[in-house]
Structures are given as structure tokens and as C-alpha cells.
Amino acid sequence: MKKLNKYKVIVPAMVALITILTVPTSLKAQGNYKLAEGTAASVKVLGSSNVHDWTMTATAMESQGDFKLEGNELKGLSALSFSVAFKSLKSEHESMDSRTYKSVNASKYPNVAYKLNSAMVTATEKNKYLIKTKGELTISGITQSITMDVTAVINADNTITCTGAEKIKLTDYGIKPPSFMLGAMKVANDLTIQFTLIYKKY
């Protein structure tokens with residue numbers, strides 16, 4: 001009788017284990033996605049002043065995320081981090097760049113960093129999704145909670161392109177909007193961070 005009870009426990013457990021091991025991994029794929037090398041990924045900071053609009057573009061950035069796919073359908077995003085080096089942000093004017101680095105105290109706080117807290121994924125059309133995110137953005141040592149809408153596209157090569165934009169205020173991060181040319185040019189407090197990021201599973 002004891003042996004019979006023993007088999008009643010062992011057999012279902014073995015069946016469950018075999019079922020788990022034999023489920024095709026392509027049905028539920030999740031893992032570490034990083035920025036794909038050699039792509040058109042970019043991060044831009046767009047601003048204005050009393051003289052003209054300006055743009056700074058980043059060339060050095062790091063990001064990784066845990067995207068959950070079933071087949072070729074995006075079902076979730078459970079984690080994502082991103083950082084960009086302040087001094088990789090470049091405009092068309094070197095003097096403006098150096099003053100900007102000084103204004104944000106880039107020597108002490110070299111990176112802008114983002115960490116995802118939660119995400120809700122909704123399909124909008126084939127291979128295209130809206131991701132409503134909540135996370136934390138850290139600039140110059142100050143962290144603020146932000147909500148952001150991100151558009152994700154599953155590409156034919158299984159990379160994931162994420163695009164979006166977020167408006168921020170410099171003063172929310174303890175930064176005084178800089179001025180140039182002895183105060184003749186004054187940078188506005190409002191900025192827009194615009195990004196195109198392409199992720200690949202590694």
C-alpha cells in the first residue's frame with residue numbers, strides 16, 4: 001500500500017517535469033535583450049532658447065531589458081535599464097556642449113539613468129505595440145518618477161525597435177537653465193528627450 005502511494009506521487013511529478021522540458025522554447029521566449037550593435041539607435045535632447053532651437057545627440061549608451069515574447073508576439077516587459085553618458089551628448093557647437101556639461105555637473109554625475117518599474121503592453125496592430133511605462137529617471141543625482149508611452153515594433157530579424165519621447169523640466173532635477181554669450185542666449189527650462197532604441201536578444 002505504501003509503494004502504491006509512493007508511485008501516485010512520483011508518476012505525476014515526472015509527467016509534470018517532462019511536460020515542462022518538452023514545451024517548445026519558441027512559444028515562450030524571454031531573456032536578456034541588449035542594444036543591437038551597428039544600428040540606427042539614437043537618443044536626442046531637444047531644447048530651445050531665446051535665440052534658436054538646439055539638439056544634442058548621444059553616441060554612447062547602454063541598455064538592457066527583459067522582453068517576454070510568445071511566438072513573435074510581445075506579451076510583456078518585466079525589466080529595463082538605460083544609461084547615457086552626459087559627455088557623449090553633442091550639439092553643433094562645442095562651446096555650448098562644455099557649458100551644458102558644467103550646468104549638469106557632468107564630472108560628478110556622468111550619466112543619465114533610467115530604470116523601469118512597471119509596464120503594460122497592448123497590441124495596436126500586427127507586430128506593433130504600445131507600452132505604457134512607469135519608471136525612475138535620474139539626472140544630476142536627482143531621481144524623479146515618470147510615466148512614458150513607448151512604441152515597440154517586432155522586426156523581421158526578431159530585433160525590437162522602441163521609440164518614444166518624454167518632456168522634462170531642468171529645474172525638476174535641480175539644474176538652473178544655462179545661459180551663453182554673457183547672458184544674451186538663455187536656454188529654456190523645458191526639454192524633450194527623444195529616443196530610438198533597437199534591442200537584440202543575447
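Our subject is the structure listed above.
Reference entry: report on the structure contained in this document. (Residues numbered from 1 in each chain as written. Predicted model: local features only at pLDDT ≥ 70, side-chain atom pairs only at ≥ 80, totals over all residues. Heavy atoms only, no water.)

Not every positive phi belongs to a glycine, and Asn105 is a case in point at roughly 60 degrees. Here Asn105 lies in the loop between helix 2 (94-103) and strand 6 (111-125). With relative accessibility at 36%, the residue Asn105 sits in the partly exposed group. The backbone of Asn127 shows a phi angle near 65 degrees, a positive value even though the residue is not glycine. (Helix = DSSP H or I, 4+ residues; strand = E, 2+ residues; numbered from the N terminus. Buried < 20%, exposed > 50% of the residue type's maximum accessible area, 1.4 Å probe, protein only.)

Another aspect to go through is the packing of aromatic side chains. Taken as a whole and assessed by the stated rule, the structure comprises 2 aromatic pairs. When the ring of Tyr33 is compared with that of Phe67, the centres are 5.4 Å apart and the planes differ by 75 degrees; the resulting orientation is edge-to-face. A residue pair is termed long-range when its members are at least 10 positions apart, and Tyr33 in strand 1 (residues 29-35) and Phe67 in strand 4 (residues 61-70) qualify at 34 residues. The pair formed by Tyr33 and Phe67 is uniform in burial state, with each residue classed as buried. Arranged with centres 5.3 Å apart and planes meeting at 55 degrees, the rings of Phe67 and Tyr199 form a pair that is tilted. (Phe/Tyr/Trp six-rings, centres within 6.5 Å; stacked < 30°, edge-to-face > 60°.)

Time to look at the environment of Ala123. Within the secondary structure, Ala123 sits in strand 6. Residue classification places Ala123 among the exposed residues on the basis of a relative accessible area of 56%. A C-alpha to C-alpha distance of 9.9 Å links Ala123 and Val153, two positions 30 residues apart in sequence. Setting aside chain neighbours within four positions, we find Ala123 in contact with Lys128 and Tyr129. (Contact = heavy atoms within 4.5 Å.)

Scanning all chains against the criterion turns up 4 salt bridges. Residue Lys68 pairs with Asp66 through a salt bridge whose shortest N-O separation is 3.6 Å. Residue Lys68 is classed as partly exposed on the basis of its relative accessible area, which comes to 26%. Here Glu73 ties to Lys75 by a salt bridge, and the two come within 3.3 Å at their closest N and O atoms. (Salt bridge = Lys/Arg side-chain N within 4 Å of Asp/Glu carboxyl O.)

Here we come to helix 2. Because an α-helix completes one turn every 3.6 residues, residues spaced three or four positions apart along the sequence face the same direction. Within helix 2, burial applies to Met96, Asp97, Thr100 and Tyr101. Projected onto a plane normal to the axis of helix 2, the buried residues spread over an arc of 135 degrees and lie on a single side. Against the buried residues of helix 2 lie strand 3 (54-57) and strand 10 (179-180). Among the residues trailing helix 2, Asn105 stands out with phi positive, at a value near 60 degrees. (Arc of directions from axis to C-beta.)

Attention shifts here to empty space enclosed by the protein. Per the stated rule, a full pass over the model turns up 1 cavity of 30 Å³ or more. Its boundaries defined by the atoms lining it, the largest cavity holds a volume of some 610 Å³. What lines the largest cavity is a set of 39 residues, and nearest its centre among them are Val43, Phe82, Val112, Leu137 and Ile193. Taken together, the residues of the lining of the largest cavity break down into 35 nonpolar, 3 polar and 1 charged. (1 Å grid on protein atoms, 1.4 Å probe; cavity = no way out; pocket = protein on both sides within 12 Å on 5 of 7 lines; lining within 4 Å. Points joined across faces, edges and corners; volume = space filled by probe spheres on them. Nonpolar A, V, L, I, M, F, W, Y, C, P; charged D, E, K, R; others polar.)

Residue position: Gly47 is located in strand 2 (residues 42-47). For the pair Gly47 and Asp190, spaced 143 residues apart in the sequence, the C-alpha separation amounts to 6.8 Å. Setting aside chain neighbours within four positions, we find Gly47 in contact with Asp53, Trp54, Asp190 and Leu191.

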